[in-house]
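Each chain, written out:
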There are 2 protein chains.
Amino acid sequence: MAKAITLLESTRADHRAQGDELLTQLLPHTGKALRLGISGVPGVGKSTFIETLGLYLIGQGLRVAVLAIDPSSSVSGGSILGDKTRMEHLSVREEAYIRPSPSSGTLGGVAEKTREAMLVCEAAGYDVVIVETVGVGQSETTVWGMTDMFVLLQLPNAGDELQAIKKGVMEIADLVVINKADIDPNAATRAQAQITSSLRLLGLHGSAGHERHDASFWQPKVLQISALAGTGVAEFWAAVTEFNTLQTANGRRAARRQQQNLAWMWQRIEAGLKHAFHQNALVQARLPALLADVSAGRIAASTAARNLLSAHAGQALTATQSIANT
Amino acid sequence: MAKAITLLESTRADHRAQGDELLTQLLPHTGKALRLGISGVPGVGKSTFIETLGLYLIGQGLRVAVLAIDPSSSVSGGSILGDKTRMEHLSVREEAYIRPSPSSGTLGGVAEKTREAMLVCEAAGYDVVIVETVGVGQSETTVWGMTDMFVLLQLPNAGDELQAIKKGVMEIADLVVINKADIDPNAATRAQAQITSSLRLLGLHGSAGHERHDASFWQPKVLQISALAGTGVAEFWAAVTEFNTLQTANGRRAARRQQQNLAWMWQRIEAGLKHAFHQNALVQARLPALLADVSAGRIAASTAARNLLSAHAGQALTATQSIANT
């Protein structure tokens, strides 16, 4: 399985072709797992929570895969998530598979490799695939766009500083977990009440950007947990199961996955088109001067865009003509 | 001027080349106008408001251009905005220029033509360029992205149904005008208080998607106006002038325009790349089956994307080879 994922993570063209062949063969055997997205800021206790959850699920006879999307890995070249040593009890269990975040590329590229790894895990028979991320940039939305359910971890004092929570993230949460509730039970209970009322308000007022789940069948819940003490995990899993059962029965899960697949395809096409544009030698040659001209108001933005687009098309033409003429 | 704008609206390639030449020549003479975006739902009284404002500005010795972005025109082929007969008193004044929305194309295309028309108006010496739009889809964000200041018109009863206002729109408003305040003065005063407190809340909590103006120098105002009775117009213009003076003095207006120009260039490049992709014959041939395969889970989204991207690149190659070989 690790070999398959490594093959899919390779950027070599021949590996990519083999990878696509492999994916197409695996695809009929995928889709049976519950795909669970988990997000939270550093320090919220994601690793401990996922380890505790993972061991609980193994106790229930389930196999668990843990994948990670770390948007910072594209900058640092190394992943701050998914380090196996973080989950030492879980990582030694053969019912568990833990894979760190792909360590290079744009967020879109990292997400693509993680999506493909998820398919491999499903084909290998894992029952639950957890995709974790830190709350940086668009990474939560990315994880939300590839999972069946999105869980946001919060600290007990988060309710006091609701404004610090990125609004869009609260809006896509199907479940909010107040972790480390044992540290300050009063604060945790206050946070639970505050977040519950915020979520109700968001539900009423609708959402600006995101297409939220259908409020008619699910009102996001807020739970208290202490991953370290191991309390609240059974209740958490009961809530996940309830949501999953409802969403599967009413057909929303299948619809959500289909939407995600189509959105994923168009995202990758867009990224590929932009990549080809930026790789174009003539575009690269002209871009700096045009950016300066547009910034300084010497050339209209639309004129500059047309100039670059025809450079891009023309360069392809010229390169191909020279090939055709040899 | 109308001829220049018509030339810029043409999609013929030779017109387009002449248009780009014209734009580049005009550009040094642009940028002096105040660019004012005005939005509101149908029935809020945009035409009467703009006509009243326009006549007031002419009275102050200013020349006014009114442009429109109507996203529905791309569907209907005809514009519901910008009809000159709506502003019969303003349209007969030679200090005023009124241009209806370009009547075809995507929202991006319509916006591009309006942006270019704005430059023509500025070069022709208009002091204030008003860009109006109805609150449909992304049109407010589009107008916000090409103006110095964004004004949202509301009806007196809007405060009672704040949830009906698209959240993202409230967040980008620099000024909210409660129009037709004379119809129900009590409701207008209630709405003013409610919207003022909502805006303060939004200012505190920050914004999810949009990059708002710098709250350190401007707290969005809420004004009452009766365009029909002509009350409140001088106060409105005083607020606009105050904002414009502050924003110009602290350098935010120049920065905002530069950002807008660069964003516009990248938007047009993206749109051009996508257009070329969708026009590609091989892509068109393969797309329906691949969409069906991705929807049905027979092929991975990333595999389908790579398939189409190489079809796109390959088709350009094939077409060019056949040209090169003739």
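Note: the structure precedes this text.
Keep in mind that this is a model prediction, so the values were computed, not measured.

Thresholds applied
- Residues numbered from 1 in each chain as written.
- Chains lettered and ligands numbered in written order.
- Predicted model: local features only at pLDDT ≥ 70, side-chain atom pairs only at ≥ 80, totals over all residues.
- Heavy atoms only, no water.
- Helix = DSSP H or I, 4+ residues; strand = E, 2+ residues; numbered from the N terminus.
- Buried < 20%, exposed > 50% of the residue type's maximum accessible area, 1.4 Å probe, protein only.
- Contact = heavy atoms within 4.5 Å.
- Areas by Shrake-Rupley, 256 points an atom, 1.4 Å probe, with all protein chains shown as cover.
- Expected span 1.5 Å × (residues − 1).
- Pairing = 2+ DSSP bridges.
- Axes fitted to C-alpha atoms, helices over the stretch in contact; angles between N-to-C directions.
- Salt bridge = Lys/Arg side-chain N within 4 Å of Asp/Glu carboxyl O.

A. Layout of the overall build of chain A. The number of helices and strands found in chain A is 13 helices and seven strands. With 326 residues in all, chain A has 49% of them scored as buried. A fraction of 77% describes how many contacts in chain A between residues 6 or more apart in sequence connect residues 24 or more apart. When the accessible surface of chain A is totalled, it reaches about 14,000 Å², and 56% of it is carbon and sulfur.

B. Representation of helix 11 (residues 252-279) of chain B in the model. With 28 residues, helix 11 of chain B ought to run about 40 Å at 1.5 Å a step, and its terminal C-alpha atoms sit 40 Å apart, in line with that. Those residues of helix 11 of chain B that fall on the buried side of the exposure criterion are Arg 253, Arg 256, Arg 257, Gln 260, Trp 264, Met 265, Arg 268, Ile 269, Gly 272, Leu 273 and Phe 277 of chain B.

C. View of the sheet that holds strand 1 (residues 34-39) of chain B. Residues and elements named next belong to chain B. A sheet is described by the order of its strands in space; here seven strands give the open sequence 3-2-4-1-5-6-7, paired in parallel fashion. The open sheet has two free edges, formed respectively by strand 3 (96-98) and strand 7 (221-224), since each of these has just one partner strand. Going from strand to strand, the sheet's axes swing by 20 degrees on average, the running direction of each strand aside. As judged from the four bridges shared by strand 1 and strand 5 (residues 149-154), these two strands associate in the parallel manner. By the bridge assignment, Ile 38 is partnered in strand 5 with Val 151.

D. A look at the environment of Ala 188 of chain B. Residues and elements named next belong to chain B. Along the chain, the position of Ala 188 falls in helix 9 (residues 185-205). The class of Ala 188 is buried, set by a relative accessible area of 0%. Spatially, the C-alpha atom of Ala 188 lies 20 Å from that of Leu 53, the residues being 135 residues apart in sequence. When neighbours within four sequence positions are excluded, Ala 188 is seen to be in contact with Pro 156, Ile 178, Ala 181 and Gln 224.

E. Molecular detail of the sheet that holds strand 1 (residues 34-39) of chain A. Residue and element names in this part refer to chain A. Read from one edge of the open sheet, seven strands run 3-2-4-1-5-6-7, paired in parallel fashion. Across the chains shown, the open sheet's two edge strands, defined by having one partner strand only, are strand 3 (96-98) and strand 7 (221-224). Within this sheet the neighbouring strands show an average axis-to-axis angle of 20 degrees, counted without direction. Taken together, the three bridges between strand 2 (residues 64-69) and strand 3 define a ladder with parallel strand orientation. In the strand pairing of strand 3, Ala 65 is matched with Tyr 97. This element, helix 10 (residues 233-249), spans strand 1, strand 4 (128-133), strand 5 (149-154), strand 6 (175-178) and strand 7 of the sheet and lies at about 125 degrees to strand 1.

F. The arrangement of unusual backbone geometry in detail. A positive phi angle is found at Lys 180 of chain A, which is not glycine, with a value near 55 degrees. You can see Lys 180 of chain A is positioned in the loop between strand 6 and helix 9 (185-205).

G. Representation of the pattern of salt bridges in the model. The tally for this structure, following the rule as stated, stands at 32 salt bridges over all chains. Across the pair Glu 112 of chain A and Arg 268 of chain A runs a salt bridge, and its minimum N-O distance is 2.4 Å. In this pair, Glu 112 of chain A sits in helix 6 (residues 107-123) while Arg 268 of chain A sits in helix 11 (residues 252-279), placing the two residues 156 residues apart along the sequence. Overall, Glu 112 of chain A belongs to the buried group, its relative accessible area being 7%. Arg 268 of chain A sits in the buried class, given a relative accessible area of 18%. A salt bridge links Glu 270 of chain A to Lys 274 of chain B; the shortest N-O distance between them is 3.0 Å. Remark: Lys 274 of chain B occurs in helix 11 and Glu 270 of chain A occurs in helix 11; the pair is interchain, linking two chains. In this structure Glu 270 of chain A comes out as partly exposed when scored by relative accessible area, which is 25%.

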